[in-house]
Amino acid sequence: MIDLANEQTAPCFSGADRLRGALEQAGWRCTRQRAGVFNYLCSVESHPTAEEVYLAVRRRLPKISLATVYKALEALVDSHLADKLTSGDGPARYDCHNDAHYHFHCLDSGDVHDLPVPYDPHLIDKLDPDIVESLRRQNFHVTGYRLEVFGHFKSK
Ligand SMILES: [Zn+2]
């Protein structure tokens, strides 16, 4: 359920103009809760789940509900301020570093980190120079790709 009663319009802090502009352009109001979620997401490298965002943001905004956090994350994704990372196993994670990049994923903890290599927009062509055209002939239009490296941290 969406907790609209808990959302008041309030001045956003830190990066306020960018946040407000992007939210309002996508038809969302800039609320204190959405600013709090955005600021937290930008402050961490860990690509947190909605639950983790909730537990962290609640320390600063004790009245925020999990439903409000979900709605804030939806607003940020819809406004292209954050990306939602979904995988087959485990809950979605959120990433406000939304320039194109790759991830590596720990199968033990579920944590997702940015991979420190430059993004290559032509990687698909390198795998198979005909694949995009071949898919197009099947009426499938390629708009992008994701690459995730996964494994375990080896214990010492
Ligand atoms: Zn990332």
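See the structure shown above.
A quick note: this is a predicted structure, and the numbers were derived from the prediction, not measured.

A.B. asks: Outline the overall build of the protein chain, supporting the account with residue identities and numerical values.
C.D. replies: What the protein chain contains, in helices and strands, is six helices and five strands. Mapped in sequence order, the helices and strands of the protein chain form the string α-α-α-α-β-β-β-β-α-α-β. Residues counted as buried form 22% of the 156 residues belonging to the protein chain.

A.B. asks: Tell me about helix H2 (residues 32-43), residues and numbers included.
C.D. replies: The first and last C-alpha atoms of H2 sit 16 Å apart over 12 residues, in line with the 16 Å expected at 1.5 Å per residue. When we look at burial in H2, the residues that qualify are Gln 33, Arg 34, Ala 35, Gly 36, Val 37, Phe 38, Tyr 40 and Leu 41. Taken together, the buried residues of H2 touch helix H1 (16-25), helix H3 (50-60), helix H4 (66-78) and strand E2 (93-95).

A.B. asks: Give me the lowdown on the sheet that holds strand E3 (residues 103-106), citing residues and values where you can.
C.D. replies: Taking strand neighbours across the sheet as the criterion, the three strands line up as E4-E3-E5 in an open arrangement whose pairing is mixed. Two strands close off the open sheet at either side, each with one partner strand: strand E4 (112-114) and strand E5 (148-151). Going from strand to strand, the sheet's axes swing by 25° on average, the running direction of each strand aside. Pairing of E3 with E5, which is carried by four bridges, proceeds in the parallel orientation. Considered in E5, the bridge of His 105 is made with Phe 150.

A.B. asks: Residues and numbers for the nonpolar core, please.
C.D. replies: Val 37, Val 53, Val 69, Leu 73 and Leu 76 are the most contacted members of the largest nonpolar core, which totals 21 residues. Among the elements of the structure, H1, H2, H3 and H4 are those that each provide at least two residues to this core. Once residues within four sequence positions are removed from consideration, Val 69 is found in contact with Val 37, Ala 50, Val 53, Tyr 54, Val 57 and Ile 64.

A.B. asks: Residue-level account of the packing of H2 against H3, with values.
C.D. replies: Packing of H2 against H3 brings their axes to within 10 Å, and their N-to-C directions diverge by 115°. Here H2 and H3 pass one another in a crossing that is right-handed. Taken together, the residues of H3 that come into contact with H2 (itself represented by Gly 36, Val 37, Tyr 40 and Leu 41) are Val 53, Ala 56, Val 57 and Arg 60.

A.B. asks: An account of the packing of H2 against H4 is requested, with residue identities and associated values reported.
C.D. replies: Across the interface, H2 lies against H4 with an axial gap of 9 Å and an inter-helix angle of 75°. Relative to H4, the element H2 is oriented roughly perpendicular. Facing Gln 33, Arg 34, Val 37 and Phe 38 of H2, the residues of H4 in contact are Thr 68, Val 69, Ala 72, Leu 73, Ala 75 and Leu 76. Classifying every residue of the contact of H2 with H4 gives seven nonpolar, two polar and one charged.

A.B. asks: Summarise the pairing of E3; cite the residues concerned and give the values.
C.D. replies: Relative to E4, E3 runs antiparallel, the two sharing three bridges. The residue of E4 that forms the bridge with His 105 is Val 112. The turn linking E3 back onto E4 is made up of five residues, and Gly 110 within it adopts a positive phi angle of 85°.

How each quantity is defined
- Residues numbered from 1 in each chain as written.
- Predicted model: local features only at pLDDT ≥ 70, side-chain atom pairs only at ≥ 80, totals over all residues.
- Helix = DSSP H or I, 4+ residues; strand = E, 2+ residues; numbered from the N terminus.
- Buried ≥ 20, exposed ≤ 12 C-beta atoms within 10 Å, placed from the backbone.
- Expected span 1.5 Å × (residues − 1).
- Contact = placed C-beta atoms within 7 Å.
- Pairing = 2+ DSSP bridges.
- Axes fitted to C-alpha atoms, helices over the stretch in contact; angles between N-to-C directions.
- Core = buried A, V, L, I, M, F, W, Y, C linked by C-beta atoms within 7 Å.
- Left-handed = near helix turned anticlockwise from the far one by under 90°.
- Parallel < 35°, antiparallel > 145°, perpendicular 65-115°, else oblique.
- Nonpolar A, V, L, I, M, F, W, Y, C, P; charged D, E, K, R; others polar.

Interpretation note: all reported values are geometric properties and have no functional meaning in isolation.
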